[in-house]
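Coordinate analysis (summary)
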Amino acid sequence: MDRKTKRLLLLVASCSVTGVILGGTTSWAESTLCLQADKVTNECLTQSPTQKTVEGMSTGLLAGAGAAFGVAWNVRHHED
């Protein structure tokens, strides 16, 4: 692997991990706040906090990887 490919993989991996952490934390906090609200909705009671956290993590993974590829594409086109 050349140096540029390694840098791209490192960028994608680090942005993806950051997205997973932020997405999972945000979804977990949102579900916790939902259960502590003064008026709890049916949606809040029927959705599992674990499922909501996993959904947030997967969304964060896609967002992080997409952001990394977007940055890499932008840098590549500015170097040419």
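Residues numbered from 1 in each chain as written. Predicted model: local features only at pLDDT ≥ 70, side-chain atom pairs only at ≥ 80, totals over all residues. Heavy atoms only, no water.

So, the overall build of the chain
- For the chain, the count of helices and strands is three helices and zero strands.
- For the chain, the α and β elements follow one another from N to C terminus as α-α-α.
- Rg of the C-alpha trace for the chain: 17 Å, well past the compact-globule value of 12 Å for 80 residues, more than 25% over.
- Principal axes of the C-alpha set define a box for the chain whose edges measure 55 × 20 × 15 Å.
- Relative to its 80 residues, the chain shows a buried fraction of 18%.
- Residue pairs in contact within the chain that sit at least 24 positions apart in sequence constitute 74% of those at least 6 positions apart.
- Of the accessible surface of the chain, which amounts to about 6200 Å², a share of 64% is contributed by carbon and sulfur atoms.
- When the 7 positive and 7 negative side-chain charges of the chain are each reduced to one mean point, those points stand 11 Å apart. (Helix = DSSP H or I, 4+ residues; strand = E, 2+ residues; numbered from the N terminus. Rg over C-alpha atoms; globule rule 2.2 N^0.38 Å. Buried < 20%, exposed > 50% of the residue type's maximum accessible area, 1.4 Å probe, protein only. Contact = heavy atoms within 4.5 Å. Areas by Shrake-Rupley, 256 points an atom, 1.4 Å probe, with all protein chains shown as cover. Lys, Arg positive; Asp, Glu negative; His and termini not counted. Charge placed at Lys NZ, Arg CZ, Asp CG, Glu CD.)

Re the state of the cysteines
- Per the counting criterion, the structure on display carries one disulfide.
- Put simply, Cys34 and Cys44 are joined by a disulfide, and their sulfur atoms are 2.1 Å apart. You can see Cys34 sitting in helix α1 (residues 3–35) and its partner Cys44 sitting in helix α2 (residues 42–46), a full 10 residues away along the chain.
- Note on Cys34: relative accessible area 25%, which makes it partly exposed. (Disulfide = S-S within 2.5 Å.)

Comments concerning α1
- Relative to the 48 Å expected for 33 residues at 1.5 Å per residue, α1 spans 48 Å between its end C-alpha atoms, a close match to the ideal helical length.
- Those residues of α1 that fall on the buried side of the exposure criterion are Val12, Ser16, Gly19, Gly23, Gly24, Ser27 and Ser31. (Expected span 1.5 Å × (residues − 1).)

Observations regarding the confidence of the model for the chain
- For the chain, per-residue confidence averages 90 on the pLDDT scale, and residues scoring 70 or more make up 99% of the total.
- Mean pLDDT across the elements of the chain ranges from a minimum in α2, with 84, to a maximum in α1, with 92. (pLDDT = per-residue confidence, 0-100.)

Quick look at a nonpolar patch on the surface
- Where nonpolar side chains cluster on the molecular surface, the patch consists of Leu35, Val40 and Leu45 and spans about 270 Å² of accessible area.
- Structurally, Leu45 can be placed in helix α2.
- Overall, the relative accessible area of 59% leaves Leu45 in the exposed class. (Patch = residues over 30% accessible without salt bridge, like charges linked within 9 Å, V, L, I, M, F, W, Y side chains within 5 Å. Salt bridge = Lys/Arg side-chain N within 4 Å of Asp/Glu carboxyl O.)

Topic: the side chain of Thr53
- With respect to the element layout, Thr53 can be found in helix α3 (residues 49–79).
- With near-sequence residues (within four places) excluded, Thr53 lies in contact with Gly24, Ser27 and Trp28.

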